[in-house]
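Overview (structure and organization)
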Amino acid sequence: MRVYIAIIVAVLTVTIGCGSKDNVMYPANANANEVAASAVNDTVRIANDSLEYEVIIIDPGFSTWLASRARQRGYYSQPYLQNKNRFWVTEWNTRVMEPQRFGDLYQMRIDYDYSVDYGYEVNYLLYNYLVYFQITNNQKLGGIVPYP
């Protein structure tokens, strides 16, 4: 299974994916005027114009896994999610730089700026995608992967 992650910086853009072109948008930690939202299939998208970030996760099965297996929003604190994301994104980016060792599973780096407060929703979705990725691809990015 191939998974693609790309980040094009406006402030943060994360694209994680393989497969489908359908959209699911979850509101970020922002008011209704700042967030665009709609729902369809295997893509999860968050957009917040005031912070100029966009997270798009395109991976068959992730939205179903998120809805059925992930811990509900609010279960983890934002600092917990930020710390896990910082650790796992650092390891992810290290693996992107070593394709001879890790193959094409890690193709694009995640440009996650630790000094930016992306809000709860971005951290929640990135964290859950990284949990999902580790479980479904039998990968360990470090530490214990919670199994929801």
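This text gives an overview of the structure that appears in the document. Remember, predicted model here, so these are calculated numbers, not experimental data.

Cut-off values and rules
- Residues numbered from 1 in each chain as written.
- Predicted model: local features only at pLDDT ≥ 70, side-chain atom pairs only at ≥ 80, totals over all residues.
- Heavy atoms only, no water.
- Helix = DSSP H or I, 4+ residues; strand = E, 2+ residues; numbered from the N terminus.
- Phe/Tyr/Trp six-rings, centres within 6.5 Å; stacked < 30°, edge-to-face > 60°.
- Buried < 20%, exposed > 50% of the residue type's maximum accessible area, 1.4 Å probe, protein only.
- Lys NZ or Arg CZ within 6 Å of the ring centre and 35° of its normal.
- Core = buried A, V, L, I, M, F, W, Y, C linked by side-chain atoms within 4.5 Å.
- Expected span 1.5 Å × (residues − 1).
- Arc of directions from axis to C-beta.

Backbone geometry at Asn138 places phi at a positive 50°, although glycine is not the residue there. Tracing the backbone shows Asn138 in the segment after helix H4 (120–136).

Counted under the stated rule, the structure contains 18 aromatic pairs. Between the aromatic rings of Phe62 and Tyr129, the centroid separation amounts to 5.4 Å while the plane-to-plane angle is 75°, which identifies the pairing as edge-to-face. Of this pair, Phe62 sits in helix H1 (residues 62–68) while Tyr129 sits in helix H4, and the two are 67 residues apart along the sequence. Across the pair, Tyr129 and Phe62 agree in class, each one buried. With a centroid separation of 6.3 Å and 35° between ring planes, the pair formed by Tyr129 and Phe133 is classed as tilted. Note that Tyr129 and Phe133 are positioned in helix H4 at a spacing of four residues, about one turn of the helix. In this structure Tyr129 comes out as buried when scored by relative accessible area, which is 0%. Exposure remark for Phe133: the relative accessible area of 0% places this residue in the buried category. Ring-pair connections join several aromatic residues into one group, and the members of that group are Phe62, Trp65, Trp92, Phe102, Tyr106, Tyr129, Tyr132 and Phe133. The ring of Tyr75 carries Arg71 above its face, with NZ or CZ at 4.6 Å from the centroid.

What follows is about the nonpolar core. Of all hydrophobic cores here, the largest spans 31 residues; its most connected members are Phe62, Trp88, Trp92, Tyr106, Tyr124, Tyr129 and Leu130. Elements with a minimum of two residues in this core: strand E4 (53–58), H1, helix H2 (78–96) and H4. Looking at which element gives the most residues to this core, the answer is H4, with eleven residues.

Helix length check: H4, at 17 residues, gives a terminal C-alpha distance of 24 Å against a target of 24 Å (1.5 Å per residue), a fit within 8%. Of all 17 residues in H4, 15 are buried, a share of seventy percent or more. At the exit of H4 stands Asn138, carrying a positive phi of roughly 50°.

Here we come to H2. Taking 1.5 Å of rise per residue, the 19 residues of H2 would be expected to cover 27 Å, and the 26 Å separating its terminal C-alpha atoms lies within 8% of that figure. Among the residues of H2, those classed as buried are Gln78, Leu81, Lys84, Asn85, Trp88, Val89, Trp92, Asn93, Arg95 and Val96. Viewed along the axis of H2, the buried residues span an arc of 160°, placing them on a single side of the element.

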